[in-house]
Amino acid sequence: NASLLHIDREQLTDEYKALLPDNAESITLFTNPRCGDAYFFDRCNMTVCYSFDEGKSWAGTKCIWGGKSSYSAMCFCEKSQRIYMLYEKGNKDCCEFGISACEFDLEWLLSN
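Right, let's walk through the structure included here. (Residues numbered from 1 in each chain as written. Predicted model: local features only at pLDDT ≥ 70, side-chain atom pairs only at ≥ 80, totals over all residues. Heavy atoms only, no water.)

Quick look at the pattern of salt bridges
Taken as a whole, this structure holds 4 salt bridges when the rule is applied. Lysine 17 serves as the salt-bridge partner of glutamate 10, at 3.8 Å between the closest nitrogen and oxygen. On the basis of relative accessibility, which here comes to 63%, the residue glutamate 10 falls in the exposed class. Here lysine 17 falls in the buried class, since its relative accessible area comes to 19%. The structure contains a network of salt bridges with shared partners spanning Glu10, Asp14 and Lys17. (Salt bridge = Lys/Arg side-chain N within 4 Å of Asp/Glu carboxyl O. Buried < 20%, exposed > 50% of the residue type's maximum accessible area, 1.4 Å probe, protein only.)

Remarks on the packing of aromatic side chains
Within this structure, the stated rule accounts for 4 aromatic pairs. Taken together, a centroid distance of 6.2 Å and an interplanar angle of 45° make the contact between phenylalanine 30 and tryptophan 58 tilted. Residue phenylalanine 30 is found in strand β2 (residues 26-33), and its partner tryptophan 58 is found in the loop between β3 (44-51) and β4 (60-77); the two are separated by 28 residues along the sequence. Look at phenylalanine 30 and you get partly exposed, because its relative accessible area is 24%. Residue tryptophan 58 is classed as partly exposed on the basis of its relative accessible area of 40%. (Phe/Tyr/Trp six-rings, centres within 6.5 Å; stacked < 30°, edge-to-face > 60°. Helix = DSSP H or I, 4+ residues; strand = E, 2+ residues; numbered from the N terminus.)

Here it is, written out as structure tokens:
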């Protein structure tokens, strides 16, 4: 029910490279529902976590959808410098609305 995406510094434009710490060779993204409950219908808070050390530690998170959610998949487009994500979401259950799409960039992800 999760997705993992690795983006090398060299794939980023200078504008987005400047957002990474100087010593970071890449950024790794991980998405999944962040509820502590493991029951399928209790999954919620689809969140993207980011790491600058290839997943050894996680520097921060951003919530994509606060309701119920399930499986997710991400990809990165070098041309647009955007991350595209598909995920299941709903209110009553985690698949009620089917598959949803969102997109974001590193500026949004790394902002407070």
